[in-house]
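# Working through the structure, step by step
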Amino acid sequence: MTTTVITNIGELTTVDPDHRVLHNAAIVIENDKIAWVGPVEQAPAADQRVNAQGRAMLPGWVDSHTHMVFAGDRSAEFEARMAGQSYAAGGINVTTEATRAASDEELTRLLRHRVDEAVRGGTTYVETKTGYGLEVDEEVRHARLASGEVDTVTFLGAHLVPDGTDAETYLSAVTGPMLQQVQPYVQWADVFCETGAFNEEQSRRVLEACAAAGLGLRVHGNQLGHGPGVRLATELAAASVDHVNYLSDEDVDRLASTWDNWDAPSVTGTPGTVATCLPACDLSTRQPLAPGRKLLDAGVQIALASNCNPGTSYTTSMNFNIATAVLQMHLTLAEAISAATMGGALALRAQDTVGSVEVGKRADLHLLDAPAAIHLAYRPGMPLTHAVWRAGQRVV
Ligand code: NIG
């Protein structure tokens, strides 16, 4: 057993059920878990001692929505968009071609590099999706490679109907051999329910098949316009619906009602459908920012995630997403931090393991080079991540 005590934490944002923010705090890590949290003067001895020198600490970010298994470059598409073109789902095929052409070694190298980059920015729990394979062997290959590099993997065979096939033939593969063969590697299933990708009936078919196979559900919904994504996600008790840029009042009500049996203060009960907001993506596609403020006010649990992918959000920076949520989505700092930690954990149903600084949780910690976490929004764009512990190991 190895123990480490981190002393002189100037400000500790716990995201615990009481939302405590401690000053002059200390934390003891025992192997991969948090063993003690409290005032620095009461800190027990440990094998190793790290002096935080008054810096601010918070739980590591939980990035609950990424598409990191890809090769190729779409910067020209992005540049054209900044010059006035609008985003269309079809760009996924460009990445699919490049990703299929990459070897296992190359894809693993690229994925590992992106995960490392995320960790260097304070992310300690990472979800990623398949979805740039779009044929049986490739989706299985991407799922297999991803499962060795991230905390949890989502099967997104239903990202787009690939070139050269029709929707019916493709969906038979997605709900048949593809689903069957990705299962050893994935915990979740997702569908891009949007004009240009899959309609409501097709999305339902995919989600029902995946649920019957035992996978948890999430939905890409309401990203490019109003649509059935939220309705479908709430009806099928999906753990999250992601993007949520275009919401009717009914959509917000539907999401809120899924949280009726959840007691947010005590973090107990049955969690509902998390609305995952992806601010970097919204900026990169020039979509209206997701209505995070409205969702919170209605009682919906939200998450903030990076959506790292080559088409709509080529960043792993959760710090950037926090700054945007505070500066432009009108979330308070505490709400933004909670959404990017406990919110992400709830979206991945990992709230018993990660998402807060509490005794017994995985020791996933993010030490800022700043005396207070508000610097994340006060000093946007600055490299504020000073140190990171992931499952008790200092990795930055
Ligand atoms: O989450 N919306 C669908 N999927 C990705 C974009 C994929 C791409 O354009 O390559 C997203 O934004």
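Because the structure is a prediction, the values reported are computed rather than measured. (Residues numbered from 1 in each chain as written. Predicted model: local features only at pLDDT ≥ 70, side-chain atom pairs only at ≥ 80, totals over all residues.)

### Focus: the site of the ligand
Taken together, the neighbourhood of the ligand is formed by 13 residues, with Gly91, Ile92, Phe192, Gly311 and Thr312 sitting nearest. Broken down by class, the residue content of the shell around the ligand amounts to 4 nonpolar, 9 polar and no charged. (Near = placed C-beta within 6 Å. Nonpolar A, V, L, I, M, F, W, Y, C, P; charged D, E, K, R; others polar.)

### Considerations on helix H5 (residues 167-182)
Counting along an α-helix, one turn takes 3.6 residues, and residues three or four places apart therefore face a common direction. When the terminal C-alpha atoms of H5 are compared, their 20 Å separation across 16 residues is substantially less than the 22 Å that a helix rising 1.5 Å per residue should span. Considering bend angle alone, the principal kink of H5 is centred on Val174 and spans about 40°; proline Pro177 follows within four residues of it. For H5, the set of buried residues is Tyr170, Leu171, Val174, Thr175, Met178, Leu179 and Val182. Against the buried residues of H5 lie helix H4 (136-147), strand E8 (152-158) and helix H6 (200-212). (Helix = DSSP H or I, 4+ residues; strand = E, 2+ residues; numbered from the N terminus. Expected span 1.5 Å × (residues − 1). Bend = angle between axes of the 7 residues up to and from the residue. Buried ≥ 20, exposed ≤ 12 C-beta atoms within 10 Å, placed from the backbone. Contact = placed C-beta atoms within 7 Å.)

### A word on unusual backbone geometry
Look at Ala237: it is not a glycine, yet its phi comes out positive at around 55°. Inspection of the secondary structure puts Ala237 in the loop between helix H7 (229-235) and strand E11 (240-243). Look at Asn307: it is not a glycine, yet its phi comes out positive at around 55°. For Asn307, a count of 31 C-beta atoms within 10 Å translates into the label buried.

### Description of the packing of helix H11 (residues 318-327) against helix H12 (residues 333-347)
The description of two packed helices rests on the angle between their axes and on the distance between the axes. Where H11 meets H12, the axes come as close as 9 Å, and the angle between the chain directions of the two elements is 140°. With respect to H12, the axis of H11 lies oblique. Remark: the crossing between H11 and H12 carries right-handed chirality. Here H11 contributes Met318, Asn321, Ile322, Ala325 and Val326 to the contact with H12, which in turn contributes Leu333, Ala336, Ile337, Ala339 and Ala340. When its residues are assigned to classes, the contact of H11 with H12 shows 9 nonpolar, 1 polar and no charged. (Axes fitted to C-alpha atoms, helices over the stretch in contact; angles between N-to-C directions. Parallel < 35°, antiparallel > 145°, perpendicular 65-115°, else oblique. Left-handed = near helix turned anticlockwise from the far one by under 90°.)

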